[in-house]
Amino acid sequence: MSSEDPDLTAAYALQTPDDNRALYARWARDYDTDFAAAEAYALPQATARAFVGAGGQGPVLDVGAGTGLCGVALAEAGSGPVDGVDISAQMLEVARDKGVYRGLIEADLYAGVACDDGCYAGVVSSGTFTHGHVGPEVLDEVLRLAAPGAVLALAINAAHYEAHGFAAALDRLAPQIRDLDLPEVRIYGPAAQGAHRDDMARIAVFRKR
Ligand SMILES: C[S@@+](CC[C@H](N)C(=O)[O-])C[C@H]1O[C@@H](n2cnc3c(N)ncnc32)[C@H](O)[C@@H]1O
């Protein structure tokens, strides 16, 4: 891999939606092998487990679906149907090839998703609420898409949870949510070797009122 190749360091240095579009266009085809398998990336499975464990049901929206790893984990758990939304057409192409999504939507979460209020009974997200990607401002849009009573399981990089305003945003949204649980999980499995191998995420698991 050359220093020009996409990797986690480049991903954490992103700043804007256009930065994300450009990096993931180049990373899409190798993401599952060079990143997810090589780093024993475990967050999509942990997020799907948290969703199912909280009684989550479909139809589910996978926010920042990427190449579809969370959709695969949900399908393996028997949860669906699942739609995915992502800013990267190239990542969504890889997700489409996995054959587990009902629909895939190319959209910038900051600009909003063209879908009626409350159109999903469940929402999941892994690896998207993190360094240089999507911030707490988007939680209002995510909640808008969820139906009353919907289960949401949103993984948030633990280093960002307080520092980048997710804790404050969830406090602000408290009147609209209930049963908030925040389990802390490892993002990578025991085989991970990279500099981020010990990174943690909080999975915000809650219901929309
Ligand atoms: C680290 S990947 C995670 C993908 C997948 N959920 C996983 O766990 O493997 C982050 C994803 O967020 C998407 N993303 C970043 N900014 C976005 C935005 N503003 N709107 C929608 N998707 C965005 C990227 O295109 C990328 O697919």
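In this text the structure is predicted, and so the values were computed from the model without any measurement.

## Quick notes on the site of the ligand
Piece 1. Near the ligand lie 22 residues; those nearest to it are Tyr31, Tyr41, Gly64, Asp86 and Ser126.
Piece 2. Separating a nitrogen atom of the ligand from a backbone N or O atom of Gly64 is a distance of 2.7 Å.
Piece 3. In this structure, an oxygen atom belonging to the ligand sits 3.5 Å away from a side-chain N or O atom of Thr128.
Piece 4. Protein chains bury 98% of the 590 Å² of accessible surface belonging to the ligand in isolation.
Piece 5. Of all the cavities here, the one that holds the ligand is the largest cavity.
Piece 6. Going through the elements one at a time, α2 (17-37) and β4 (120-129) are the ones with two or more residues in the shell around the ligand.
Piece 7. Residue composition of the shell around the ligand, grouped by class: 12 nonpolar, 8 polar and 2 charged.

## Focus: the state of the cysteines
Piece 1. Tallying each qualifying case throughout the model produces 1 disulfide.
Piece 2. The side chain of Cys115 participates in a disulfide bridge whose partner is Cys119; the two sulfur atoms lie 1.8 Å from each other. Judged by the sign of its S-S torsion, about 130°, the cystine formed by Cys115 and Cys119 is right-handed.
Piece 3. Residue class for Cys119 comes out partly exposed when judged on its relative accessible area of 26%.
Piece 4. Counting only cysteine sulfurs, Cys119 is the nearest neighbor of Cys70, a cysteine outside any disulfide, at a range of 18 Å.

## Some details on the layout of surface pockets
Piece 1. The computed volume of the largest pocket comes to approximately 180 Å³.
Piece 2. Lining the largest pocket are 13 residues, and of these Asp7, Leu8, Thr9, Phe35 and Glu39 lie nearest its centre.
Piece 3. A per-element tally of the lining of the largest pocket places α2 first, with 3 residues.
Piece 4. Residues that form the lining of the largest pocket fall into these classes: 7 nonpolar, 3 polar and 3 charged.

Cut-off values and rules
Residues numbered from 1 in each chain as written. Predicted model: local features only at pLDDT ≥ 70, side-chain atom pairs only at ≥ 80, totals over all residues. Heavy atoms only, no water. Near = heavy atom within 4 Å. Polar contact = N/O pair within 3.5 Å; in protein donor to acceptor, adjacent residues only side chain to side chain. Areas by Shrake-Rupley, 256 points an atom, 1.4 Å probe, with all protein chains shown as cover. 1 Å grid on protein atoms, 1.4 Å probe; cavity = no way out; pocket = protein on both sides within 12 Å on 5 of 7 lines; lining within 4 Å. Sits in = over half its atoms within 2 Å of the grid points. Helix = DSSP H or I, 4+ residues; strand = E, 2+ residues; numbered from the N terminus. Nonpolar A, V, L, I, M, F, W, Y, C, P; charged D, E, K, R; others polar. Disulfide = S-S within 2.5 Å. Buried < 20%, exposed > 50% of the residue type's maximum accessible area, 1.4 Å probe, protein only. Points joined across faces, edges and corners; volume = space filled by probe spheres on them.

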